[in-house]
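Below, each chain spelled out in residue letters.
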Amino acid sequence: MKFLCIECDRQMGFAERELPGDGTLAAVFTCPACSRSVAMLTNPMETQLVASLGVQIGGRTVPEQPFELTRSTVEGGRADAFNDAPAQAGARPVWDDAARERLSRVPSFVRGMVQRIYADYAAERQIAVITPEVMDTARRELGLEGM
Amino acid sequence: MKRIRTYNQLTETDRSDLLGQVASQRERVTARLSSVEHVVAVVSGKGGVGKSLVSAGLAAALARSGRRVGLLDADLHGPTAARMLGVRASSLAVRDDEVEPPVAACGVRVMSSDLLLEETAPLAWREPGHERFVWRGTLVAGMLREFLADVAWGTLDVLLVDMPPGSERLDTLVELVPGLAGAVVVTIPSEASYRAVRRALEAARSAHVPLLGVVENMAGYRCGSCRADGPLFQGDAGERLSRDAGAPLLARIPFDPAMQSLVDQGDVASAAMALGPAADALVARLGSSGEPAGREEPRA
């Protein structure tokens, strides 16, 4: 799917994406010539159809994780099915209580993967303590709205 | 009206590049399987013929003969192969881009949805509640892709893929693994099985999958007391399918309650012994070049 600005005859570029949490998706595309924007709004079925392919509108911000599609879509997975080791070597950030509590609400089957993505994000930026604010920033920067 | 460029006429960089993302997924599969010499599907057109038993027994027999073997249980909704090899769920180590598979006592590397799901949980998805059929096939295909691409299979001589009953999933496997070495077809002797498996055989042919051989399971009943073989099902589906496929009948295995009991407990040694000659014949069919001997040209 692509969007064309008819006036400028230019392909509109992906600008941002939002997953409000109700199964829908909003993706904004902007014309590089005239800056006109359009929003593509998908219903839950359309959103699911794209998600089922294991692809991300707007492109990938985090390398594909092992069993990413399985872990993020399967219900009834064992909490300890995976033992996620940190990808980045060296000092690991610590989680404050509020961040840890928020992480505990992530479904257990995928929690280790999500934890690793946030921890790698923090380690790469030399953030020593992961707080809910750090998680919000990471979600925004990495496009992890579903996490 | 102003002429509007069509999809394929747009050449600007596409940040989403969804087709590129899908291509990247396929490349991961190809890269992962580059160290696997032969990927072989074990198929049947019908449930209950003992396909997983044959898969596990073949895998164990190949391992006993010194070959490096993996078994991917692609029966995602009804996984049994891992347990037959004595592998129980444990925490799978995740490294950068791969998951380390458990290794059965017989040396076979195994991946199965049985290792991921809660004990009695069916395979189910977090998804909107309407029109689920639209994407469920896509999710299953995606899961199979991850079983192929994200498992640290390592260097293998043979990766057996225990397919679910029916033939539709074979198309998915062929798309994901264009270099599929071929398929072993499992049947029981009965006419009903012949008819169902014959369809699977044709589906394999249509997908240009070489037919490597036929295994007839439950070919008689082995008495638990005197060990003599008696009749169980009427029919000669194994021989007929072998002729139809132009592929050898690799093995005829009687139903042996003693063997079944051992396999249920994760002791696949007796099945491996029963399937030893079949494993040798399979390897001979595969040859060393990756092409089975006597491969048929795809039908027009």
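Since the model is a prediction, treat every value here as computed from it, not as a measurement. (Residues numbered from 1 in each chain as written. Chains lettered and ligands numbered in written order. Predicted model: local features only at pLDDT ≥ 70, side-chain atom pairs only at ≥ 80, totals over all residues.)

Each helix and strand in chain A was counted, giving 5 helices and 9 strands. The order of α-helices and β-strands along chain A, N terminus first, is β-β-β-β-β-α-α-β-β-β-α-α-β-α. By its C-alpha atoms, chain A is 50 × 35 × 25 Å across when sized along the principal axes. Within the span of chain A, comprising 147 residues, buried residues form 30% of the whole. Restricting the contact set of chain A to residue pairs at least 6 apart, pairs at least 24 apart contribute 55%. (Helix = DSSP H or I, 4+ residues; strand = E, 2+ residues; numbered from the N terminus. Buried ≥ 20, exposed ≤ 12 C-beta atoms within 10 Å, placed from the backbone. Contact = placed C-beta atoms within 7 Å.)

Before going further, it helps to examine the overall build of chain B. Assigned secondary structure in chain B consists of 9 helices and 10 strands. Since a compact globule built from 300 residues should have a radius of gyration of about 19 Å, the 20 Å found for chain B is in line with a globular shape. Looking at chain B as a whole, 48% of its 300 residues are labelled buried. The long-range fraction of contacts in chain B, counting pairs at least 24 apart against all pairs at least 6 apart in sequence, stands at 80%. (Rg over C-alpha atoms; globule rule 2.2 N^0.38 Å.)

A few words on the pairing of strand S1 (residues 36-43) of chain B. A regular strand places its side chains so that they alternate between the two faces of the sheet. Residue and element names in this part refer to chain B. Of all 8 residues in S1, 7 are buried; the element is thus mostly enclosed. Pairing of S1 with strand S7 (residues 182-187) involves 4 bridges; the strand directions are parallel. Residue pairing for S7: Val-40 is matched across the bridge by Gly-182. (Pairing = 2+ DSSP bridges.)

Time to look at the sheet that holds strand S5 (residues 37-42) of chain A. Residue and element names in this part refer to chain A. Pairing in this open sheet of 3 strands is antiparallel, and the strands run S3-S4-S5 from one edge to the other. The sheet terminates laterally at strand S3 (13-18) and S5, the two strands that pair on one side only. When the angles between neighbouring strand axes are averaged without regard to direction, this sheet yields 25 degrees. Alignment of S3 against strand S4 (residues 25-30), held across 5 bridges, turns out to be antiparallel. Residue pairing across strands places Glu-16 opposite Val-28, the latter belonging to S4. (Axes fitted to C-alpha atoms, helices over the stretch in contact; angles between N-to-C directions.)

Another aspect to go through is the nonpolar core. Grouped together as the largest cluster of nonpolar side chains are 117 residues, with contacts concentrated most on Val-40, Ala-41, Ala-59, Ala-60, Leu-85, Val-161 and Val-185 of chain B. If we ignore the near neighbours within four places in the chain, the residues touching Ala-59 of chain B are Val-69, Leu-71, Leu-85, Val-108 and Leu-160 of chain B. By size, the runner-up hydrophobic cluster in this structure holds 7 residues, among which are Cys-5, Met-12, Ala-27 and Ile-57 of chain A. (Core = buried A, V, L, I, M, F, W, Y, C linked by C-beta atoms within 7 Å.)

Note on backbone geometry: most residues besides glycine have negative phi, and most peptide bonds are trans. Residues and elements named next belong to chain A. Residues other than glycine seldom take positive phi values, yet Asp-9 does so here, at roughly 50 degrees. Mapped onto the elements, Asp-9 comes out in the loop between strand S1 (4-5) and strand S2 (10-11). For Asp-9, a count of 14 C-beta atoms within 10 Å translates into the label partly exposed.

Turning to the interface of chain A and chain B, a few remarks are in order. Between chain A and chain B, the residue contacts involve 37 residues of the former and 46 residues of the latter. Of all the secondary structure elements, the ones that give two or more residues to the side of chain A that touches chain B are S3, helix H1 (44-52), helix H2 (68-73), strand S6 (74-75) and strand S7 (82-84) of chain A. The element that contributes the greatest number of residues to the side of chain A that touches chain B is H1 of chain A, accounting for 5 residues. Broken down by class, the residue content of the side of chain A that touches chain B amounts to 17 nonpolar, 13 polar and 7 charged. When S7 of chain A meets strand S3 (residues 92-94) of chain B, the two strands line up parallel, connected through 3 bridges. Along S3 of chain B, the bridge assignment pairs Asn-83 of chain A with Ala-93 of chain B. (Nonpolar A, V, L, I, M, F, W, Y, C, P; charged D, E, K, R; others polar.)

So, about the domain arrangement of chain A. Entries for chain A in the domain assignment read domain 1 (1-59) and domain 2 (61-147). If you average the C-alpha positions of domain 1 of chain A and of domain 2 of chain A, the two centres end up 25 Å apart. (Domains from an automatic or database assignment.)

What follows concerns helix H7 (residues 237-245) of chain B. All names here are of chain B. Considered for burial, the residues of H7 that qualify are Ala-237, Gly-238, Leu-241, Ser-242 and Ala-245. For H7, the arc enclosing every buried residue in end-on projection is 130 degrees, short of the 170-degree limit, so these residues lie on one face. Buried residues in H7 make contact with S7, helix H6 (191-206), strand S8 (211-222) and strand S10 (249-255). A positive backbone phi angle near 65 degrees is found at Gly-246, which sits one or two residues after H7. (Arc of directions from axis to C-beta.)

Attention now moves to the pairing of S8 of chain B. Residue and element names in this part refer to chain B. Burial within S8 is extensive, with 9 of its 12 residues counted as buried. Relative to S8, S7 is paired through 5 bridges, and the arrangement is parallel. If you follow Val-185 over to S8, its bridge partner there is Val-214.

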